Protein chains: 4
Amino acid sequence: MTHSLLLPRLDGDKPREACGVFGVFGHSEASNLTYLGLHSLQHRGQESAGIVSAAADGLHSHLGMGLVADVFGREEVLRRLRGTAAIGHVRYGTTGESHIQNAQPFTVECREGAIGVAHNGNIVNALALRRRLEKQGAIFRSTMDTEALVHLLVREQAERFEERLASSLAQLQGAYSMVLLTETLLVAVRDPLGFRPLALGRLDGAHVVASESCAFELIGAEYVREVEPGEMIFIDENGLRSERPEALADTRAGRCVFELVYFARPDSLVFGRSVWESRKAMGRRLASENPVPADIVIPVPDSGVAAAIGYAEESGVPFDLGLVRSHYVGRTFIEPQQSIRNFGVKLKLAPVRAALDGKRVVVVDDSLVRGTTSRKIVGLLRQAGAAEVHLRISSPPTTDPCYFGVDTPTKQELIASTHSVEEIRRYVTADTLGYLSLEGMHTAVKNGDGGFCDGCFSGAYSLPVLSEVPNHRKRLFGG
Amino acid sequence: MTHSLLLPRLDGDKPREACGVFGVFGHSEASNLTYLGLHSLQHRGQESAGIVSAAADGLHSHLGMGLVADVFGREEVLRRLRGTAAIGHVRYGTTGESHIQNAQPFTVECREGAIGVAHNGNIVNALALRRRLEKQGAIFRSTMDTEALVHLLVREQAERFEERLASSLAQLQGAYSMVLLTETLLVAVRDPLGFRPLALGRLDGAHVVASESCAFELIGAEYVREVEPGEMIFIDENGLRSERPEALADTRAGRCVFELVYFARPDSLVFGRSVWESRKAMGRRLASENPVPADIVIPVPDSGVAAAIGYAEESGVPFDLGLVRSHYVGRTFIEPQQSIRNFGVKLKLAPVRAALDGKRVVVVDDSLVRGTTSRKIVGLLRQAGAAEVHLRISSPPTTDPCYFGVDTPTKQELIASTHSVEEIRRYVTADTLGYLSLEGMHTAVKNGDGGFCDGCFSGAYSLPVLSEVPNHRKRLFGG
Amino acid sequence: MTHSLLLPRLDGDKPREACGVFGVFGHSEASNLTYLGLHSLQHRGQESAGIVSAAADGLHSHLGMGLVADVFGREEVLRRLRGTAAIGHVRYGTTGESHIQNAQPFTVECREGAIGVAHNGNIVNALALRRRLEKQGAIFRSTMDTEALVHLLVREQAERFEERLASSLAQLQGAYSMVLLTETLLVAVRDPLGFRPLALGRLDGAHVVASESCAFELIGAEYVREVEPGEMIFIDENGLRSERPEALADTRAGRCVFELVYFARPDSLVFGRSVWESRKAMGRRLASENPVPADIVIPVPDSGVAAAIGYAEESGVPFDLGLVRSHYVGRTFIEPQQSIRNFGVKLKLAPVRAALDGKRVVVVDDSLVRGTTSRKIVGLLRQAGAAEVHLRISSPPTTDPCYFGVDTPTKQELIASTHSVEEIRRYVTADTLGYLSLEGMHTAVKNGDGGFCDGCFSGAYSLPVLSEVPNHRKRLFGG
Amino acid sequence: MTHSLLLPRLDGDKPREACGVFGVFGHSEASNLTYLGLHSLQHRGQESAGIVSAAADGLHSHLGMGLVADVFGREEVLRRLRGTAAIGHVRYGTTGESHIQNAQPFTVECREGAIGVAHNGNIVNALALRRRLEKQGAIFRSTMDTEALVHLLVREQAERFEERLASSLAQLQGAYSMVLLTETLLVAVRDPLGFRPLALGRLDGAHVVASESCAFELIGAEYVREVEPGEMIFIDENGLRSERPEALADTRAGRCVFELVYFARPDSLVFGRSVWESRKAMGRRLASENPVPADIVIPVPDSGVAAAIGYAEESGVPFDLGLVRSHYVGRTFIEPQQSIRNFGVKLKLAPVRAALDGKRVVVVDDSLVRGTTSRKIVGLLRQAGAAEVHLRISSPPTTDPCYFGVDTPTKQELIASTHSVEEIRRYVTADTLGYLSLEGMHTAVKNGDGGFCDGCFSGAYSLPVLSEVPNHRKRLFGG
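Nothing here was measured: the structure is a model prediction, and the numbers come from that model.

(A) Up close: the overall build of chain A. On a plain count of helices and strands, chain A comes out with 18 helices and 27 strands. Out of the 479 residues in chain A, the part that is buried amounts to 63%. Residue pairs at least 24 apart in sequence account for 72% of intrachain contacts in chain A once pairs closer than 6 positions are excluded.

(B) Quick look at the interface of chain B and chain C. Between chain B and chain C, the contact holds 55 residues from the first and 55 residues from the second. If you tally residues by element for the side of chain B that touches chain C, the top one is helix α1 (residues 30-40) of chain B, at five residues. Residue composition of the side of chain B that touches chain C, by class: 31 nonpolar, 12 polar and 12 charged.

(C) Spatial organisation of the relation of the copies chain B and chain C. Least-squares fitting of chain B to chain C yields an RMSD of 0.0 Å, with the superposition described by an axial translation of 0.1 Å and a rotation of 180°. On this basis, the relationship between the two copies can be described by a two-fold rotation axis. Looking at chain B, 100% of its interface residues are interface residues in chain C too, so the copies touch through the same face.

(D) Quick peek at helix α9 (residues 275-289) of chain A. Between its first and last C-alpha atoms α9 of chain A spans 21 Å; for 15 residues at 1.5 Å apiece the expected length is 21 Å, and the two agree. With 13 of its 15 residues buried, α9 of chain A lies for the most part within the structure.

(E) Structural context of the pairing of strand β19 (residues 296-299) of chain B. Residues and elements named next belong to chain B. Burial of β19 is two-sided: the residues Ile 296 and Ile 298 facing one way and the residues Val 297 and Pro 299 facing the other way are all buried. Two strands pair when backbone bridges link them, and β19 and strand β23 (residues 360-365) are joined in this way by four bridges, in the parallel orientation. Residue pairing in the sheet places Pro 299 in a bridge with Val 364 of β23.

(F) Broad picture of the interface of chain B and chain A. Each partner contributes to the interface: chain B provides 30 residues, whereas chain A provides 32 residues. Of all the elements in the fold, those that place two or more residues in the side of chain B that touches chain A are β5 (58-65), β7 (106-110), α4 (126-135), α5 (147-155) and α18 (473-477) of chain B. The residue makeup of the side of chain B that touches chain A, split by class, is 13 nonpolar, eight polar and nine charged.

(G) Quick peek at the domain arrangement of chain A. Domain assignment breaks chain A into domain 1 (12-252) and domain 2 (275-326 + 334-448). Taken over C-alpha atoms, the centre of domain 1 of chain A sits 34 Å from the centre of domain 2 of chain A.

(H) Focus on the relation of the copies chain B and chain A. With an RMSD of 0.1 Å, the fit of chain B onto chain A corresponds to turning through 180° and sliding 0.1 Å along the axis. Counting the interface residues of chain B, we find that 100% of their copies in chain A are interface residues as well, pointing to one common contact surface.

(I) Structural view of the sheet that holds strand β23 (residues 360-365) of chain C. Residues and elements named next belong to chain C. Judged by pairing direction, the sheet is parallel, and its four strands sit side by side in the order β19-β23-β24-β26 without closing on themselves. The strands lining the two open edges of the sheet, one partner per strand, are β19 (296-299) and β26 (432-435). Averaged over all pairs of adjacent strands, the angle between strand axes in this sheet comes to 20°, irrespective of strand direction. Bridging between β23 and strand β24 (residues 388-393) involves six bridges; their strand directions are parallel. The residue bridging Arg 360 from the neighbouring strand is Glu 388, located in β24. Across the sheet, helix α10 (residues 305-315) lies against β19, β23 and β24, angled at about 165° from β19, the strand it touches most. With respect to the sheet, helix α15 (residues 421-428) is in contact with β24 and β26, its orientation differing from that of β26 by roughly 130°.

(J) Local environment of the environment of Leu 33 of chain C. By the element assignment, Leu 33 of chain C lies in helix α1 (residues 30-40). Residues Leu 33 of chain C and Leu 218 of chain C lie 185 residues apart in sequence; the distance between their C-alpha atoms is 9.3 Å.

Parameters at a glance
- Residues numbered from 1 in each chain as written.
- Chains lettered and ligands numbered in written order.
- Predicted model: local features only at pLDDT ≥ 70, side-chain atom pairs only at ≥ 80, totals over all residues.
- Helix = DSSP H or I, 4+ residues; strand = E, 2+ residues; numbered from the N terminus.
- Buried ≥ 20, exposed ≤ 12 C-beta atoms within 10 Å, placed from the backbone.
- Contact = placed C-beta atoms within 7 Å.
- Nonpolar A, V, L, I, M, F, W, Y, C, P; charged D, E, K, R; others polar.
- Least-squares fit on C-alpha atoms with pLDDT ≥ 70 in both.
- Expected span 1.5 Å × (residues − 1).
- Pairing = 2+ DSSP bridges.
- Domains from an automatic or database assignment.
- Axes fitted to C-alpha atoms, helices over the stretch in contact; angles between N-to-C directions.

Below you can see the structure in the form of structure tokens.
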């Protein structure tokens, strides 16, 4: 008997980023640039990809399930996406909701004309808004939070579009880094607390926005700055202008620290900080908080690499690569029958016996969620001869789910929500287990101004979450 | 140099049916039956297919581009479509609009709850409705005419759902044979003039509806009757009830005669008539109107078979099969380079030299649209040795496009709109060319009551068409 | 629970042709013509397809599993098959042997240089030859009978290639219509009894050969004549020459009558006879041998059409089309669960109730093999209202398997090998059942010279068959 | 205008390994283990994959183009490969020869019975053998060197199979690590100089062989030892026995040093050495030979990682990760039009600006072949702000092609064959360029016994190569 499994991403039981967005205005190759930008943001969402472009003859759209390279794999597709402005989106959904109906950017035609919208984040009052709007006659075609925004927008009466938009956005509670595209205008907005990153850049006189600066590097654009929390940026043929409406002002701040811990690409700047530097700093701090006599420091590749280098620097224990990552993961793989199965982690990570044999090993990972993968990794290292295995996590214990755009396990599934560090250590069978402290993490990301949301580590979300967030998605599609 | 072409369907330049719909309520295998029903209706649309099912936990939907067997080709897909009621849809769109966004049944969530809608037809005032609704704040997600209906519905204030629906439908002008599904209710409606067919059947105590009765044959259901023009049928756990609201009453009638001429499957009943018998009757009448001394009568397979048998019966000229249809059409085929290309028709139809050589041949087709295929067929027959080729068309000259759910060429492309029969005969290089008369066609379909729309043959549509139907689809997606 | 089935071809339980071959020499578009020729011969084999071309720089080959249009579906493939000569092959194998290793034309490099070989037929002494050659040191790479020929060829010592080839061929017993290609020469040969057809044609000064003349019609080539049994035709830059070596002379004749009954395309000439005319003649004879009072004569489409027309002509009973064939067969189709399954025949054939209801129906098929499909068809006709169903088979009872290139069921599976006509009638539930007599069949195909093998109907094969033909294929690949 | 390119592997212009082999005897899950073993060896060949298993009912084979997970992606495939012994193969061929005919293991049926063969290496006298064998009547079906072996084998007259095999192998000159499988026997052999690795292991009483020990790690097998150069290992139901025939004895040694430099997986043992340790030792030696004042040492991931860690250790310059490798390479990617193209390297490697900006960077790669990729990498680093870029190569200049199983560029394409180190430095625009010395490399791999072939670095091949190796493959398939 055999069964099929999708080779999980290496960090398969890590929280998953929900989306990445990209936008460009004023470039003759707008859709090509968006395509490349989305490729750079692929780590933020692998389920679906889409681009909407704006030309004189209207908006042009192409969406599909799968990776950017697959969805846009036929050359005529990009050619059809005419025009000098475009927005794009990559999405990561849970299996049950992998409907093409939920792919973005979505497009509507309404009183405002044709609009394309791409959204990264999560609106916590989406269900309440939806129910209220439905009572007013609104019709929803998807289960996407974002659809509510357009319904709010067309109900606004203010004269200026900017005001109507600000007033609509002000009714949303939660996380949104969003780009909107009409035939003549690109808009980039970020929620008042700034949960998700959004960067602004320039290329050959054109303006570009992207979830992370790594998208700028690929296309040769220059990083300018973050789009600020609560800021609306409007780009049209007259250039760029920024508005900071009062309705979107908030004294709180909610930058998602997990972007720096795990999500963002190490070569990116997010929230104006280098991800790579932040992770190395976490690793250094982790070493000073959790020292242990050891022979080598190794990362869980690739997510633990930067922190492990930092740990090695600070501790003086030599850095090495005790686990090799397969180049051939990410494909469907038939796992043979019972007696020789359970290859999940071994198919992705191979221990380097020569590096490990007889050694006292510090293994560094960025986070520990359910504990199952860590347990397997510790086992692999021991089988390969490690004399001692010291697990070090470059973030605090993950105790709470995220409501702001990250797809986390439920609180029950988070091992740290119900187990002490010592209990977790026993479960993962490590000799010692050390987490970075909450304070240490904030220090490492230079959070002098308290601008981060660390709710998944502290339960103290930057924005109140309803005690119960009903899964309204069940109602329409039932699963 | 080579280029790729999609092997056209045999009747590639014929008008194309736009859709087929199916619905079932009260059967434990609702989605399986819908799947089979759609397979029977595949000739009405090959571009996309979809099913929405209703279970206690909500509506479940699956849509995809391609044939029914492909879209539902993985077994888990049908299993996921739980519940005892379901609706389905097959669609034929033009290439430019082959967006998954336009696949049906589409689903919405609104004040009425979750609703799935599948539509066959065309709403001629869709653009005007859309513009009016947009001004009122409606947001459209697709270019489908049908989306307007739901916007109208949620704006209605009557107490009873039936009244709200009737009042909404009354604002639509055009052709609609439609099924709607909520968690507890299946609705089947037909426009006041009854352009498109819609049949009602029973299976094991369950109720079924389908565009054509051939879907009933496959699943073993019993044909009950047509859903009448202007009738709304509601099926729920209390059984079936019919309403004939005043708002949908109309003295005119618009059954599409082209359904009987070409679209519908020959084994179907549509408009309460046998398609096969109607076509044979057209063939008989064609023979009496257009006799010619000949040795054999052959059809253009498969669309001309029934009429050719009728022609042979009436004329006494022996029926034969002078053209053989390939079993392997319908796939992408690389056509080799210039000097030996133009195999279009020959790849699909092969002349039987032994049957044709030296013979005076009557060749019967159901309609003649652009004339290009007929010209090639006449050429094939002559090359295979036919001494004379007499082309007989079992319908009148096609002079006008359809606005009621059929995808026809423009008036300019219809050869009969600008050429006399003699000119067409010269173009297709036949020895003689004879069409069925308008009167003859109506006699053949037993149209005693004037209940058919023959606008594509007469220009006299059963319902007025705006002098200009702007292609509003251009606005949103631009192509 | 669901399970997957491949929608069987309409004549799914009919014997299956094993192969079709094509060759061309002296044309600048040799591989393009071969591609088109194979498309015309697709009915002779749908499992694999291949082309070998000959250019100054050697032989070029492309093989693949699937239909011609799929295997050669990327334009660069045909472009790579350079040269002015080419041969091609389509193959139908049983599922267990669907190895790409058995696809043809196969190519070898040996003392004779590079050779490509495409074969239609079956060598009955293949296993003995193989064992003898293996003892001599021959190495076999496939389970194909044809591989033995090349081993024989390189062991021949005669000076002239023609003599070496003749001497090798003389050691083969069985059926072979074969084309061979070297860098400078195309050879077409047919076994001494001429089991399988092979036709010779001309196009623009080039020579072409094909299993059936329908391939000539498509590419515009002219039919010249049959390659004669025991004839070797050599085509090179000096033109065509024929040899009739003594070693290949045989007084017996073995043209496969089943080619005319079922296999060949109706628009083809095979064995110098029109398939269409032969089938109509069988139908006429069937009517005179098995008359019955009836209202309509209908064919089982498409294989029974010609005979049904002949039957109608002779009997005076009107021809009609009571069964409609689906355009969408031939694809994988998920069949839903138990309670509504067994759609096999209904998915492919739909009865026309209006044509059948209350009628006494004669239904004509070309052959009856296992009886299961006939039983289902009779059932379908009765459900659709037929008052009487009279099954007529335009060939004699199929009592014996074929050993000469046709993939038949075993003798045990052939219902006529163990049941009387009356028993078969009861099994298929027909009111009457009539077969064409053996004598009648021979009369219909104008077999004045006794030149046909009718072993599958008579057990009297034109060539002796070993009492036991061991399935040597089992040895190498075991399944 | 766009064009399609296959996203090259990160080390796209590196020499490519030609094959990997695997074998197992005496395990109830033989084909499952082989499948997993091949997955571990995937880096040695991505073009085709195949498995042959041996059961009581014969050999069973499945081959296909593509990755192991794709070729064996349907569960029934592995189930069909019954038996308790199996061999497998992964292959990397050049595009022009990507014929399924050349996939391995290939199977033959001959005097010895049915045999499956899987080969890693290259036979330098293959053409001469082939021509000689053809004169003797041998027939070749492929362009694979290995086919000659079986022809030699069946010509041998010695009584014992072992002697016939040894005598056949002795006629081959070149590199071969090979596994053969009959219904009852598994044979593993390695050429007298031992160019390619081959390891022996044990699992649950079964014997396993594999190109690299990483395949043992995955399936939980224990590494036993190398198969020795010139050794033949026979495994059957009586167990394992080894022969070291005189005919295969050779005083020379030819272990491919490039296996340690680049090919083998870092977690493998090859030639009894740890690849990871060898590479770190090369890095350390590289540092001592080519010191430079710098701020960070970074690898070109992933091939340069081990050497870079060694370099950092030895030099004391901190190790960092200045280049991030994309997880989404290896797929076809449409590259947009001219003005923004040439993303080749940037799509795969992203510089970490924060780590590089203003730094003096040592970047370590394992080898430098054409120089084009190195030039792009140096450019990337400078654009990301590196103040100085010092390129270090952990092997000597690659001056000569390989004839022993590695697919290298021609001598003309090897930049070091025609340019001095200083010229290469200027071409790649590095501030300094340092290679590991030949002597240093040998020291690092602990080559005390002179057992390695370093022909690609020295031109002094362990085995003489004909001045001209004609590409005989051209003859049969012409391209």
